[in-house]
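Summary of structural features
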Amino acid sequence: MTNPSCIEAPLPKGVSDFLPETADKITFIADSIHRVFELWGFRRMITPLLEFEDVLARMGDELRSKTFRFDDRQTGRLLAIPPDITPQVARVVATRMHALPLPHRIYYSGRVLRQAQMQSGRSREIFQSGVELIGLNSPEADAEMVAMAVQVLKDLGFTGFKVDLGQVEFYRGIMDSSGLSAEVKAQLQEAISKKEVTAVRSILEAAGAPERVKEEISLLPRLYGGREVLKEAARIAGNERSKKALDNLAQVIEILDIYGVAEHLTIDLGEIRGLDYHTGITFEGFVPGIGEAVCSGGRYDDLTAKYGYPAPATGFTFNILALLASMAKRPEVEASSSRDFLIFNKKDERREALEVAQKLRSLGYTCARDIIKRDFESSLDYAKKTDIRMLLVIGAEECAADQLYLVRVADRRAVAVSKEELFDKGLDLKFDQEGENHG
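Rules and cut-offs
- Residues numbered from 1 in each chain as written.
- Predicted model: local features only at pLDDT ≥ 70, side-chain atom pairs only at ≥ 80, totals over all residues.
- Heavy atoms only, no water.
- Helix = DSSP H or I, 4+ residues; strand = E, 2+ residues; numbered from the N terminus.
- Rg over C-alpha atoms; globule rule 2.2 N^0.38 Å.
- Contact = heavy atoms within 4.5 Å.
- Lys, Arg positive; Asp, Glu negative; His and termini not counted.
- Charge placed at Lys NZ, Arg CZ, Asp CG, Glu CD.
- Pairing = 2+ DSSP bridges.
- Buried < 20%, exposed > 50% of the residue type's maximum accessible area, 1.4 Å probe, protein only.
- Core = buried A, V, L, I, M, F, W, Y, C linked by side-chain atoms within 4.5 Å.
- Phe/Tyr/Trp six-rings, centres within 6.5 Å; stacked < 30°, edge-to-face > 60°.
- Axes fitted to C-alpha atoms, helices over the stretch in contact; angles between N-to-C directions.
- Expected span 1.5 Å × (residues − 1).
- Arc of directions from axis to C-beta.
- Left-handed = near helix turned anticlockwise from the far one by under 90°.
- Nonpolar A, V, L, I, M, F, W, Y, C, P; charged D, E, K, R; others polar.

Across its full length, the protein chain carries 16 helices and 17 strands. Since a compact globule built from 439 residues should have a radius of gyration of about 22 Å, the 28 Å found for the protein chain marks it as more spread out than a globular shape. By sequence separation, contacts in the protein chain at least 24 residues apart represent 67% of the contacts at least 6 residues apart. The average position of the 58 basic charges and that of the 67 acidic charges among the side chains of the protein chain differ by 2 Å.

Next up on the list: the sheet that holds strand β3 (residues 68-71). In spatial order, the strands read β2-β4-β3; together these three strands make up an open sheet with antiparallel pairing. The outermost strands of the open sheet, each flanked by one partner alone, are β2 (51-52) and β3.

Strand β7 (residues 162-167) sits mainly inside the fold: five of its six residues count as buried. Pairing geometry for β7 and strand β10 (residues 281-286), over six bridges, is antiparallel. Among the inter-strand pairings, Leu-165 is bridged to a residue of β10, identified as Phe-283.

The biggest cluster of nonpolar side chains holds 74 residues, and the ones touching the most others in it are Phe-170, Leu-188, Ile-217, Phe-316 and Phe-318. Counting residues per element, this core draws most heavily on helix α5 (residues 139-155), which supplies ten residues. In this structure Phe-316 touches Phe-37, Tyr-108, Gly-130, Val-131, Met-145, Met-148, Ala-149, Phe-283, Cys-295, Ser-296 and Gly-297, once residues within four positions along its chain are discounted. Counting 20 residues, the second largest nonpolar core, distinct from the first, contains Ala-90, Val-112, Ile-134 and Tyr-300.

Under the counting rule described, the total for this entry stands at nine aromatic pairs. Note on Tyr-277 and Tyr-300: the rings are 5.8 Å apart at their centroids and 25° apart in plane angle, and the pair reads as stacked. One end of the pair, Tyr-277, is in the loop between β9 (265-268) and β10; the other, Tyr-300, is in the loop between β11 (295-299) and β12 (313-319), and 23 residues separate them in sequence. Overall, Tyr-277 belongs to the buried group, its relative accessible area being 19%. Put simply, the rings of Phe-37, Tyr-107, Phe-283, Phe-316 and Phe-318 touch in pairs and so form one group of aromatic residues.

On the basis of which strands lie adjacent, the open sheet formed by five strands has the order β14-β13-β15-β16-β17 and mixed pairing. Only two strands of the sheet have a single neighbouring strand rather than two, namely β14 (367-369) and β17 (414-418). Ignoring strand direction, the axes of neighbouring strands in this sheet form an average angle of 25°. Pairing geometry for strand β16 (residues 403-408) and β17, over five bridges, is antiparallel. By the bridge assignment, Tyr-405 is partnered in β17 with Ala-416. Of the strands in this sheet, β13 (339-345), β14, β15 (388-394) and β16 are in contact with helix α14 (residues 351-362), which crosses β14 at around 165°.

What follows concerns helix α7 (residues 182-193). Quick reminder: α-helices carry 3.6 residues per turn. Residues three or four places apart thus point the same way. The terminal C-alpha atoms of α7 lie 16 Å apart, and with twelve residues this matches the ideal 16 Å at 1.5 Å per residue to within 8%. Every buried residue of α7 is listed here: Val-184, Leu-188, Ala-191 and Ile-192. Buried positions in α7, seen along its axis, are confined to an arc of 95° and lie on one side of it. Looking at α7, the residues exposed on the side facing more than 90 degrees away from the buried face are Ala-182 and Glu-183.

Here we take up the packing of helix α6 (residues 168-176) against α7. Relative to each other, α6 and α7 sit at 145°, their axes nearing to 12 Å. The chirality of how α6 crosses α7 is right-handed. Between α6 and α7, the residues in contact are Tyr-171, Met-175 and Asp-176 and Lys-185, Leu-188, Gln-189 and Ile-192, respectively. For the contact of α6 with α7, the residue count by class is four nonpolar, one polar and two charged.

Interpretation in functional terms is not warranted from these geometric data alone.
So, in structure tokens, the structure goes:
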């Protein structure tokens, strides 16, 4: 029901309010992700909402173009809201953690803002949870990122998901050895990123590229699939840079076999996302029913050097809102947002109600007290609409003096219990299927 007296209070395009039910689900997803990060030995870092624009600009032109910028009245300098947390982590590591031993295992969670094109329909607010592993240049470090992403998706209950692996150095090697002009390379990059095989062929024909170059580049959009892709790529790779990239990718896949995640992997050597940012292995995770990636990342060995501290690095991030959309109707996510008890006090005196509530909270249960004076049916309806599992009635006619009345909100089944039994069994109390059904 809308409120006819409510003033108009629109939000800017690309941002949203998240009401308690949705916020609970976001928290459930984020907590599941963080649990995996911590099990793998990562420690949390919290970065600021604002940075000086000239400091953040070191991350490169691609992300800089998506940055919100405005004047700082205190200093007169230009401020920026970060469009991505990874460059912030790189800045902190380079400027404040350089004396600490490597590697740094860091995870983070937060919101970023990105400029989006008008009418694109894309959200400008992104919820990120990610990790950065700084100080290790090895296939095992890259494999660890992919294995963690797979573990999170499994823990969230996904099946049939895929993680696409790429290697940007393979692409760079082919392009650098092609002898084509910068203009032609730019045209090819756009066509390859869109998997437009016909357009790629046309650009190469118009440029008068040699047959060897045509074969190598024309095959890029089609280098997608299982491990057979590595053999096909090795056949056309005529330069050492691309061969080295393939060898690196093969080593990462070999380690991922040990992790037992091979069934979730695909290879995509025509994937050139983040070409200006990444320096090796890249990957994206996709779940059924969602067209966009729910996680993405890869190796970025040049970023910390921009802040004066060269160090190899790899990492990835989850897009929590994409995960939320993919889990919209999952029962375990619905259950995760439920609260345990609502106390409905029929007595005039409040002491017993407050003491019972405190005891339940000390046992780890969520417990709210229905302070508003209303009848049983109204209180039960409130519990149902706010995802509370149990209505706990104090002073019910159905109970003896030392008992409480517990009503399961979902089906209204009820049972009279002693405080001792309630505190001992909590939500595990059994409801007699033939027993009382209140109301």
